[in-house]
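# Survey of secondary and tertiary structure
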Amino acid sequence: KSVLTFHNITTQLIGDERKLHIKNGQIDFHNQYAKVTDFLITLNNSSLLLEGDVGQMVDYFNGKGELILNANVFSDALFIDDLATNKNVTEEKNRDWVLPNNIRGDLNIILNSVDYSGHQYKDIKGKMSFSDHSFNFPQIEGIVSGSKVYGNLKITEERPMLIVLETNLTADKVLFKPIFE
């Protein structure tokens, strides 16, 4: 059994302007499993607090199995643009899969504010399961453009970079003007 405790660690990858800051957290390792506790990270303007369990780590890192993640994810502010690298790609490349196929699990999510391409989503709460190029939100709710929205959402990557969305969402009102601003 091993324990890693993190406190005020800042790192930056070569060629990446973003800085990852681990404010605090603890990971308890025991054979193939780890328990993550109070793991608070920031990346640019985004913050995430992670707590949960990671399984089958040795098999995953040896290329012999799936990584299993069951966790609670909390965020005061999440800017999707913070998650993308800022490298300029100048050469044509083959299409790669975007969603993972060798990681599966379940997440409980509570996101106070999410910003994506200038649109803001508030009070996002729900459950998410993921595996084999698929994210499934069987229960999700939040506020979008002033409307309370709830329902389900499934995001599937059928082939590299071909994303299919399936949803059944209900809103208490629909305000079109904020959506198109």
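Our subject is the structure listed above.
Residues numbered from 1 in each chain as written. Predicted model: local features only at pLDDT ≥ 70, side-chain atom pairs only at ≥ 80, totals over all residues. Heavy atoms only, no water.

## Quick word on the layout of surface pockets
What counts, and what does not: Of the grid points, spaced at 1 Å and generated over the protein atoms alone, those admitting a 1.4 Å probe that cannot get out make up cavities, while open sets with protein on both sides within 12 Å along at least five of seven lines make up pockets; any residue with an atom within 4 Å of a point is treated as lining. Grid points are joined across faces, edges and corners, and a volume is the space filled by probe spheres set on the points. The helix count covers DSSP runs of H or I at least four residues long, the strand count covers runs of E at least two residues long, and both are numbered beginning at the N terminus. Polar here means any residue outside two lists: the nonpolar Ala, Val, Leu, Ile, Met, Phe, Trp, Tyr, Cys and Pro, and the charged Asp, Glu, Lys and Arg; Gly therefore counts as polar.
Put simply, the largest pocket is a space of about 2,000 Å³. Lining the largest pocket we find 44 residues, and of these Ile 80, Val 114, Phe 137, Leu 153 and Ile 155 sit closest to its centre. Of all the secondary-structure elements, those providing two or more residues to the lining of the largest pocket are β4 (46–55), β5 (67–75), α2 (80–83), β7 (103–116), β8 (119–131), β9 (134–144), β10 (147–159) and β11 (162–171). A per-class count over the lining of the largest pocket returns 36 nonpolar, six polar and two charged.

## Details of the environment of Pro 100
Definition in use: Contacts were defined at the residue level, with two residues in contact if any of their heavy atoms lie within 4.5 Å.
Mapped onto the fold, Pro 100 is located in the loop between α2 and β7. Between the alpha carbons of Pro 100 and Phe 135 there is a distance of 9.5 Å; along the sequence they are 35 residues apart. For Pro 100, the contacting residues outside a window of four places in its chain are Ser 131, Asp 132, His 133 and Phe 135.

## Things to note about the pattern of salt bridges
Side chains carrying opposite charge are able to pair once their charged atoms draw close together. Quick reminder of the rule: Put simply, a salt bridge is a Lys or Arg side-chain nitrogen that is within 4 Å of an Asp or Glu carboxyl oxygen. Partly exposed describes any residue whose relative accessible area lies between the buried limit of under 20% and the exposed limit of over 50%, with all areas from a 1.4 Å probe on protein chains only and scaled to the type maximum.
Considering all chains together, one arrives at four salt bridges under this definition. Close ionic contact of Asp 16 with Arg 18 constitutes a salt bridge, the shortest N to O distance being 2.7 Å. In this structure Asp 16 comes out as buried when scored by relative accessible area, which is 7%. Between Asp 53 and Lys 35 there is a salt bridge whose closest N-O contact spans 3.9 Å. Placement of Asp 53 in strand β4 and of Lys 35 in strand β3 (residues 33–43) is noted, with a sequence separation of 18 residues between them.

## What to know about the nonpolar core
What counts here: Nonpolar cores were defined as sets of buried Ala, Val, Leu, Ile, Met, Phe, Trp, Tyr and Cys residues, with membership established by side-chain atoms within 4.5 Å.
Membership of the largest hydrophobic core comes to 25 residues, with the highest contact counts inside it found for Ile 27, Phe 39, Val 54, Leu 107, Ile 109, Ile 124 and Phe 137. Mapped by element, the contributors of at least two residues to this core are β2 (20–30), β3, β5, β7, β8 and β9. The element contributing the most residues to this core is β7, with five residues. Excluding its chain neighbours within four sequence positions, the residues that come into contact with Phe 137 are Ile 109, Lys 127, Met 128, Gly 151, Asn 152, Leu 153 and Ile 155.

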